[in-house]
Amino acid sequence: MLRAPDCSSLHWNFISEALNELRDSLRKMGLPLLVLNEDVVSAFTHLLSAYGKIVIHCHEETGNAISFERDRCVRNWTREQGIELIEYPQNGVIRGLRNRDGWSRKWNERMNAQIIPIPKSTKAPDLRITGVSLPSSTDLEINQEFGYENKLFGGEKAAHELLDSFLETRSKGYEKLMSSPISAPHHCSRLSPYLAWGCISSKVVVQATRARVAELKAEKGGLSSEGPRPRSLTSFLSRMHWRCHFTQKLEMEPQIEFSCFNRSLDNLRSRTPNANLLEAWRSGQTGYPFVDACMRYLRAHGWINFRMRAMLVSFAAYDLWLDWRLIKDFLAQTFIDYEPGIHISQLQMQSGTTGINTLRIYNPVKQGMDHDPKATFIRQWVPEVARLSISEIHDWGTDNFLRPTVDYPHPIVDHAEAVRLARQRFREIRTNANYKSDSEKVRQLHGSRKRATNRPRKPARR
Ligand SMILES: Cc1cc2nc3c(=O)[nH]c(=O)nc-3n(C[C@H](O)[C@H](O)[C@H](O)COP(=O)(O)OP(=O)(O)OC[C@H]3O[C@@H](n4cnc5c(N)ncnc54)[C@H](O)[C@@H]3O)c2cc1C
């Protein structure tokens with residue numbers, strides 16, 4: 001699992017921090033944390049031979065093909081050994097659904113369920129097996145490339161601190177401030193890695209947020225000048241709903257890890273990468289300063305806000321015409337909050353391969369002007385252009401002026417021309433006999449049943 005192509009040291013370091021904290025919390029309750037560094041079936045075999053009888057309690061995971069296969073092996077093994085295996089849901093993703101009818105109601109039931117209190121103490125087990133200390137990323141030989149500026153520390157305590165500060169003050173103006181890479185790091189919740197790696201549950205976050213909305217509404221009709229407006233938190237709650245909505249797609253159709261939602265689009269883009277374009281994008285050397293600044297920021301921090309993730313993927317998909325499968329693992333490694341269900345669904349949505357969403361093509365120059373109007377973010381992350389004026393920086397991607405000599409590449413593609421070509425390719429493939437029926441299949445299986453807030457109201461210039 002940890003050596004899989006979508007895993008990185010960024011993930012493991014965060015998980016290790018959370019496990020160390022868990023070890024301390026368990027110790028206070030008189031319980032040990034036993035770490036076994038081996039294949040999961042052989043670990044259970046050792047436990048079985050030490051104790052003679054075991055029961056396995058675990059949560060339901062909607063993961064990649066590797067974790068799916070691991071779970072299948074464990075299930076087979078428990079069946080062969082006659083061992084009880086109890087799986088618990090961990091969020092609003094519902095196992096065994098055939099379609100989305102009634103899904104939102106079920107999600108709400110899960111979110112409203114009682115939060116189980118942590119027992120104060122329990123009976124210490126008789127430990128008959130010796131564990132190992134937590135291995136480091138170096139011990140495990142996991143990729144160490146990303147997240148050297150990451151400040152998010154794994155664990156439940158940090159998750160609750162972030163949730164509290166977000167609900168109390170940071171979410172003020174959330175719905176607007178989430179869009180710029182300058183304001184988003186402070187005004188977004190930053191809970192994503194804690195949710196992804198199990199340090200806090202969706203239910204805890206949703207219930208605390210709903211309680212805060214009620215409190216704010218009661219205070220001066222929600223118009224307190226100090227705290228956030230209730231609508232900021234309602235917008236946040238929609239995203240908590242999307243989280244499970246997207247993960248549900250992978251739960252119901254694991255094949256989307258490898259195939260386009262709409263199968264007619266599977267060969268739209270080549271799967272043999274244009275190595276130069278791919279490398280320019282990955283290393284933040286595309287000649288589009290805002291795109292490069294976002295990529296370099298992401299690589300350093302292991303996180304960037306939603307809009308900038310969407311723009312990076314849009315640039316790869318439409319400007320560079322790269323298949324989403326060529327960038328999936330790289331982005332998974334760079335995101336500290338890697339959650340396969342959200343990641344794969346979003347990658348496909350931003351690449352236009354779902355067949356049920358309008359094409360979302362971002363203009364990288366307009367995005368820079370809208371979300372970094374003074375070019376401060378660009379100057380910080382693309383120092384090569386720092387001495388240029390604001391308009392020279394933003395116009396670097398256009399032919400509006402004679403470019404001064406700086407050690408920074410010229411745009412690797414012409415955005416307008418690339419987008420024209422991309423739209424034409426989509427128009428052509430949509431005439432394919434199977435396209436419509438394939439889109440209908442996607443809508444039937446995955447389409448949200450209620451008019452949710454995640455639908456774009458009208459096409460907007462991005
Ligand atoms: C190409 C691409 C890949 C992505 N991959 C991931 C991923 O692997 N893991 C991940 O958690 N998010 C992913 N996202 C969604 C989103 O960018 C992050 O959830 C968000 O930036 C995390 O920061 P936050 O916790 O401060 O978000 P907030 O704005 O505070 O949102 C709260 C929570 O809602 C959920 N959420 C927010 N936006 C979305 C969304 N659009 N879709 C689904 N859930 C959402 C997340 O769990 C997030 O923690 C991806 C988006 C794109 C465009």
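Keep in mind that this is a model prediction, so the values were computed, not measured.

Visitor: What exactly am I supposed to notice about the overall build of the protein here?
Guide: Helix and strand content of the protein: 20 helices and two strands. Out of the 462 residues belonging to the protein, those deemed buried represent 51%. Summarising the internal contacts of the protein: among those between residues at least 6 apart in sequence, 76% fall at separations of at least 24. For the protein, the exposed surface amounts to about 22800 Å²; the carbon and sulfur share of it is 54%. Positive and negative side-chain charges of the protein, numbering 66 and 51 respectively, have mean locations separated by a distance of 7 Å.

Visitor: When you look at the pattern of salt bridges in this model, what are you seeing that I'm missing?
Guide: Oppositely charged side chains are able to pair whenever their charged atoms sit close together. Applying the stated criterion across every chain yields a total of 28 salt bridges. The salt bridge partner of lysine 157 is glutamate 161, with a shortest N-O separation of 3.3 Å. With a gap of four residues between them, lysine 157 and glutamate 161 both fall in helix H5 (residues 156-170), about one helical turn apart. You can call lysine 157 exposed: its relative accessible area is 56%. One network of salt bridges, in which partners are shared, links Arg75, Glu87, Arg95 and Glu251.

Visitor: Could you clarify how one ought to interpret helix H2 (residues 40-51) in this entry?
Guide: Three or four residues apart is the spacing at which side chains of an α-helix point the same way, because the helix has 3.6 residues per turn. The terminal C-alpha atoms of H2, which comprises twelve residues, lie 17 Å apart, in line with the 16 Å expected from a rise of 1.5 Å per residue. Here the buried face of H2 lies against strand E1 (55-59) and helix H3 (65-81). Two residues or fewer past H2, glycine 52 is found with a positive phi of approximately 80 degrees.

Visitor: Just to check I follow, could you spell out the nonpolar core for this structure?
Guide: If you look at soluble globular proteins, the nonpolar side chains tend to sit buried side by side. Core analysis: the biggest nonpolar cluster contains 99 residues, and Tyr194, Ile200, Val205, Trp281, Cys294, Ile327 and Leu331 have the highest contact counts within it. When residues in this core are grouped by element, the largest group, nine residues, is from helix H13 (residues 306-319). When near neighbours in sequence (up to four residues on either side) are disregarded, cysteine 294 contacts Ile304, Met308, Met311, Leu312 and Phe377. Core analysis: the next-biggest nonpolar cluster, separate from the first, contains ten residues, Leu47, Leu48, Val74 and Ile129 among them.

Visitor: Is there a simple way to explain the packing of helix H10 (residues 230-252) against helix H15 (residues 340-351) in this structure?
Guide: Any two packed helices are characterised by the angle at which their axes cross and by the distance between the axes. Here H10 crosses H15 at 90 degrees, and the two axes come no closer than 7 Å. If you check the angle between H10 and H15, you find them roughly perpendicular. Touching Arg243, Phe246, Thr247, Lys249 and Leu250 of H10 are Pro340, Gly341, Ile342, Ile344, Ser345, Gln346 and Met349, all from H15. Residues that form the contact of H10 with H15 fall into these classes: six nonpolar, four polar and two charged.

Visitor: Would you take a moment to explain the site of the ligand for this structure?
Guide: Lining the immediate surroundings of the ligand are 26 residues, of which Tyr174, Ser189, Arg190, Arg243 and Asp337 lie closest. In this structure, aspartate 337 approaches the ligand through a main-chain N or O atom, which is 2.8 Å from a nitrogen atom. Here the ligand loses 99% of its free accessible area of 820 Å² to cover by the protein chains. At the level of elements, helix H8 (192-196), H10, H13 and H15 are the ones that each hand at least two residues to the shell around the ligand. Among the elements that take part in the shell around the ligand, H10 stands out by supplying six residues, more than any other. Here the residues of the shell around the ligand sort into 16 nonpolar, four polar and six charged. Each of domain 2 (156-252) and domain 3 (256-446) accounts for three or more of the residues forming the shell around the ligand.

Visitor: I keep staring at helix H14 (residues 324-334) and nothing clicks. Help me out?
Guide: Counting buried residues along H14, nine of its eleven residues qualify, which places the element largely inside the surrounding structure. Inspection of H14 places Trp324, Arg325, Ile327, Lys328, Phe330, Leu331, Ala332, Gln333 and Thr334 among the buried residues, and these make up the whole buried set. On its buried face, H14 sits against helix H1 (9-28), helix H11 (275-282), helix H12 (289-301), H13 and H15. Sitting at the head of H14, aspartate 323 places a side-chain oxygen 2.8 Å from the backbone nitrogen of arginine 325.

Visitor: Would you take a moment to explain the confidence of the model for the protein for this structure?
Guide: A low pLDDT score tells you not to read the predicted coordinates there in detail. Looking at the protein, pLDDT values average 93 and 94% of them are 70 or higher. Every residue in residues 452-457 is under pLDDT 50, and counting partners more than four places away or in other chains gives nine contacts.

Visitor: Just checking my understanding: could you explain the packing of H12 against H13 for this structure?
Guide: Two elements in contact, H12 and H13, have axes separated by 10 Å at closest approach and are oriented at 120 degrees. Taken as a pair, H12 and H13 cross one another with a handedness that is left-handed. Of H13, the residues touching H12 (which contributes Phe290, Val291, Cys294, Met295 and Leu298) are Met308, Met311, Leu312 and Phe315. Taken together, the residues of the contact of H12 with H13 sort by class into nine nonpolar, no polar and no charged.

Visitor: What is the right way to read the domain arrangement of the protein from this model?
Guide: When the parts come together, some accessible area is lost, and that loss is often what is quoted as the size of the interface. The domain architecture assigned to the protein consists of domain 1 (9-97), domain 2 (156-252) and domain 3 (256-446). Placing the centre of domain 1 and that of domain 3 at their C-alpha centroids yields a distance of 36 Å. Contacts between domain 1 and domain 3 engage seven residues on the former and eleven residues on the latter. Both faces considered, domain 1 and domain 3 share a buried interface measuring about 640 Å² in area, 67% of it formed by carbon and sulfur atoms. By the criterion of area lost to domain 3, the three top residues of domain 1 are Leu10, His11 and Asn64, representing 65% of everything that side buries.

Visitor: For this particular structure, what's the right way to read the side chain of threonine 78?
Guide: Residue position: threonine 78 is located in helix H3. Judged by relative accessible area, which is 4%, threonine 78 ranks as buried. Leave out the neighbours within four places in its chain, and threonine 78 touches Ile56, Ile83 and Leu85.

Rules used in this analysis
Residues numbered from 1 in each chain as written. Predicted model: local features only at pLDDT ≥ 70, side-chain atom pairs only at ≥ 80, totals over all residues. Heavy atoms only, no water. Helix = DSSP H or I, 4+ residues; strand = E, 2+ residues; numbered from the N terminus. Buried < 20%, exposed > 50% of the residue type's maximum accessible area, 1.4 Å probe, protein only. Contact = heavy atoms within 4.5 Å. Areas by Shrake-Rupley, 256 points an atom, 1.4 Å probe, with all protein chains shown as cover. Lys, Arg positive; Asp, Glu negative; His and termini not counted. Charge placed at Lys NZ, Arg CZ, Asp CG, Glu CD. Salt bridge = Lys/Arg side-chain N within 4 Å of Asp/Glu carboxyl O. Expected span 1.5 Å × (residues − 1). Core = buried A, V, L, I, M, F, W, Y, C linked by side-chain atoms within 4.5 Å. Axes fitted to C-alpha atoms, helices over the stretch in contact; angles between N-to-C directions. Parallel < 35°, antiparallel > 145°, perpendicular 65-115°, else oblique. Nonpolar A, V, L, I, M, F, W, Y, C, P; charged D, E, K, R; others polar. Near = heavy atom within 4 Å. Polar contact = N/O pair within 3.5 Å; in protein donor to acceptor, adjacent residues only side chain to side chain. Domains from an automatic or database assignment. pLDDT = per-residue confidence, 0-100. Left-handed = near helix turned anticlockwise from the far one by under 90°. Buried area = accessible area lost by both parts, 1.4 Å probe.

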